[in-house]
Amino acid sequence: MRSSAKDGLHLANRTQLDSDRLREMMLEAVEGWPVRRLRLSVRYSRGADFSGTCYYRHNLIYVNLGRHLRYPYRMNTSVARARSTARTWWKPIYTLELADPHRVVLFVFLHEFYHWLVHKARRNPRQKESMCDRFATRILVDRFGCRLYDESGRPVPREAWDIQDVERFVAAAREDTPPGAPTRRAATRPIPPAPHPPPIRGRQLLLFDVESPR
């Protein structure tokens, strides 16, 4: 296990992924947000593609990564607008193409980190899965050049999924952030789009778990 604590984020990495690269990506992704006393544990899952858990009282996030994944990995998200008829409603499945395991870990971490921000901002934690996915997707698209595709493998336009001001919703969580800290910036690692995105093969279950505040 490799464990280190810099810039207020304590990372315990029990995988073969590069700890320095993970830390650099995570600190870039959450720049401007409070990370003091936050602890992150990255480890291999027992069979699932991935999972994540956030423990509010302990400022602790677990990220579990499947050893068996092949890359680029197509991460199913819930960022799409809901659609409805007179009798039912549903959401299309948009998939985020992640080039390597570091980006899979980053997405799961950001999903759980947003749950943590919701708690710190004293917002209602219920039914926030889509907001968590949008927060993570925005960062991976804007800062890391990842691509989002619909169920037919076509690129998804921004207006079809970036439909909430997720950062403003948790703005109160910035109370212990130094004044003037930047909040967002343009993509720094763009990935050239593939000419023919691979087809979606099945759907994995998003295994996120959150400890409810007491």
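Keep in mind that this is a model prediction, so the values were computed, not measured. (Residues numbered from 1 in each chain as written. Predicted model: local features only at pLDDT ≥ 70, side-chain atom pairs only at ≥ 80, totals over all residues. Heavy atoms only, no water.)

Visitor: How do you make sense of the side chain of His 115 when you look at a structure like this?
Guide: Mapped onto the secondary structure, His 115 falls in helix α2 (residues 101–120). In terms of polar contacts, His 115 uses its side chain to reach the side chain of Glu 129, at 3.1 Å. (Helix = DSSP H or I, 4+ residues; strand = E, 2+ residues; numbered from the N terminus. Polar contact = N/O pair within 3.5 Å; in protein donor to acceptor, adjacent residues only side chain to side chain.)

Visitor: Help me understand unusual backbone geometry in this model?
Guide: Among all residues save glycine, negative phi is the norm, and among peptide bonds the norm is trans. Put simply, Tyr 71 and Pro 72 share a cis peptide bond, and its omega is 5 degrees. With respect to the helices and strands, Pro 72 occurs in the loop between β5 (60–65) and β6 (73–77). A positive phi angle is found at Arg 37, which is not glycine, with a value near 70 degrees. The exposed category is assigned to Arg 37, whose relative accessible area is 54%. We note that Asn 59 has phi near 50 degrees; this positive angle belongs to a residue other than glycine. Within the element layout of this structure, Asn 59 appears in the loop between β4 (50–55) and β5. (Buried < 20%, exposed > 50% of the residue type's maximum accessible area, 1.4 Å probe, protein only.)

Visitor: Which parts of the structure should I look at to understand helix α1 (residues 19–29)?
Guide: Residues separated by three or four positions in an α-helix point in the same direction, a consequence of the helix having 3.6 residues per turn. Within α1 the residues assigned to the buried category are Ser 19, Leu 22, Arg 23, Met 25, Met 26, Glu 28 and Ala 29. Put simply, Asp 18 is the residue that caps the front of α1, since its side-chain oxygen is 2.9 Å from the backbone nitrogen of Asp 20.

Visitor: Explain the packing of aromatic side chains to me, please; I cannot follow it from the model alone.
Guide: One pair of aromatic rings is described through two measures. These are the centre distance and the angle between the planes. Evaluation of the coordinates by the stated rule reveals 7 aromatic pairs. Three or more aromatic residues link up through ring pairs in this structure, and these residues are Trp 33, Phe 109, Phe 113, Tyr 114, Trp 116 and Phe 135. Taking the ring centre of Tyr 44 as reference, the NZ or CZ of Arg 67 above it sits at 3.8 Å. (Phe/Tyr/Trp six-rings, centres within 6.5 Å; stacked < 30°, edge-to-face > 60°. Lys NZ or Arg CZ within 6 Å of the ring centre and 35° of its normal.)

Visitor: What am I meant to see in the environment of Asn 64 here?
Guide: Assignment of secondary structure puts Asn 64 in strand β5. Taking the C-alpha atoms as reference points, Asn 64 and Ser 51, 13 residues apart in sequence, are found 5.1 Å from one another. A polar contact is formed between the side chain of Asn 64 and the side chain of Arg 43, at a distance of 2.6 Å. A polar atom in the side chain of Asn 64 sits 2.8 Å from the side chain of Ser 51.

Visitor: Whenever I open this one, the sheet that holds β6 confuses me. Can you help?
Guide: Strand pairing in a sheet relies on backbone hydrogen bonds. The paired strands run either parallel or antiparallel. Pairing within the open sheet is antiparallel, and its 3 strands lie in the order β6-β9-β10. Edge positions in the open sheet fall to β6 and β10 (147–149), since each of these has one partner strand only. On average, each strand axis in the sheet is inclined to that of its neighbour by 35 degrees, with strand direction left out of account. The pairing of β6 with strand β9 (residues 94–98) spans 5 bridges and is antiparallel. From the neighbouring strand, Asn 76 faces β9, where its bridge partner is Thr 95. On top of the sheet, α2 reaches β6 and β9; it is set at about 15 degrees to β6, its chief contact. Across the sheet, helix α3 (residues 129–142) lies against β6, β9 and β10, angled at about 40 degrees from β9, the strand it touches most. (Pairing = 2+ DSSP bridges. Axes fitted to C-alpha atoms, helices over the stretch in contact; angles between N-to-C directions. Contact = heavy atoms within 4.5 Å.)

Visitor: What exactly am I supposed to notice about the packing of α1 against α2 here?
Guide: Packing of α1 against α2 leaves a shortest axis separation of 10 Å and a crossing angle of 40 degrees. Taken together, α1 and α2 sit at an angle that is classed as oblique. With respect to the hand of their crossing, α1 and α2 are arranged in right-handed fashion. Residues Arg 21, Leu 22, Met 25, Met 26 and Ala 29 of α1 form the contact with α2, whose participating residues are His 102, Arg 103, Val 105, Leu 106, Phe 109 and Leu 110. Across the contact of α1 with α2, the residue classes tally to 8 nonpolar, 1 polar and 2 charged. (Parallel < 35°, antiparallel > 145°, perpendicular 65-115°, else oblique. Left-handed = near helix turned anticlockwise from the far one by under 90°. Nonpolar A, V, L, I, M, F, W, Y, C, P; charged D, E, K, R; others polar.)

Visitor: Can you help me understand the pairing of β4 in this one?
Guide: Within β4, 5 of the 6 residues are buried, which leaves the element mostly enclosed by the surrounding structure. One ladder, built from 6 bridges, connects β4 with β5; its direction is antiparallel. Bridge pairing in β5 links Gly 52 to Val 63. What sits between β4 and β5 in their antiparallel hairpin is a turn of 4 residues, with Asn 59 showing a positive phi close to 50 degrees.

Take it as geometry only, folks, not as evidence of what the structure does.
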